[in-house]
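These are the residues of each chain, in order.
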Amino acid sequence: HWDIAKKYNWIDFELGNKITGSGFPVYIGKGAKLQRALIQYFLDVNTEAGYTEYLPPFMVNEASAYGTG
C-alpha cells in the first residue's frame, strides 16, 4: 500500500520528515480524504459502542508538557 500511495501522490514522507524531523507523513488529496474517512469510521464505530469522543487542546502549558514527558 505504501507503493500505491507514493505512485498516486497520496503521501509525502520526505515533506513530513522535513516539517516534523521524524517519520510523520503529509497526506495529500485523496490520501488526506482517505485518512479522514478512516478516522471518522473509527469514531462512529466506537461512539456507537458507548465510548465518548474527546478533543483536547493542542497547546498546553509548561507544567503539562513537562508532566507528560
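Please refer to the structure higher up on the page.
About the cut-offs
- Residue numbers here run from 1 along each chain, matching the order of that chain's written sequence.
- Residues qualify for local features only when their pLDDT is at least 70, as the model is predicted, and side-chain atom pairs are given and counted only at 80 or more; totals for whole chains, interfaces and linings, by contrast, use all residues.
- Hydrogens and waters are ignored; side-chain quantities use all the structure's heavy atoms.
- Under the scheme used here, helices are H or I runs from DSSP no shorter than 4 residues and strands are E runs no shorter than 2 residues, and both carry numbers assigned from the N terminus.
- The globule rule is 2.2 Å times the number of residues to the power 0.38, and the radius of gyration it is compared with is taken over C-alpha atoms.
- Each aromatic pair joins two rings of Phe, Tyr and Trp (for Trp, the six-membered one) with centres within 6.5 Å, and gets the label stacked for planes under 30 degrees apart, edge-to-face for over 60, and tilted for any other angle.
- Throughout, exposure labels follow a simple rule: accessible area from a 1.4 Å probe, protein chains only, divided by the maximum for the residue type, with under 20% read as buried, over 50% as exposed, and the rest as partly exposed.

## What about the overall build of the protein chain?
Tallying secondary structure elements over the protein chain gives four helices and two strands in all. Helices and strands appear in the protein chain in the N-to-C order α-β-α-β-α-α. Its C-alpha atoms give the protein chain a radius of gyration of 16 Å, clearly above 11 Å, the size a compact globule of 69 residues would have. In terms of overall dimensions, the protein chain has C-alpha extents of about 40 × 35 × 15 Å along its principal axes.

## Examining unusual backbone geometry
Positive phi, normally seen in glycine, also occurs at Asn 9, with a value near 60°. Within the secondary structure, Asn 9 sits in the loop between α1 (2–7) and β1 (11–12).

## So, the packing of aromatic side chains
For the coordinates displayed, the defined rule picks out two aromatic pairs. Taking the centre distance of 5.3 Å and the plane angle of 65° together, the rings of Trp 2 and Phe 13 count as edge-to-face. On the criterion of sequence distance, the pair formed by Trp 2 in helix α1 and Phe 13 in helix α2 (residues 13–20) is long-range, its members being 11 residues apart. Accessibility expressed as a relative area gives 44% for Trp 2, which makes it partly exposed.

Shape descriptors only; they carry no functional weight alone.
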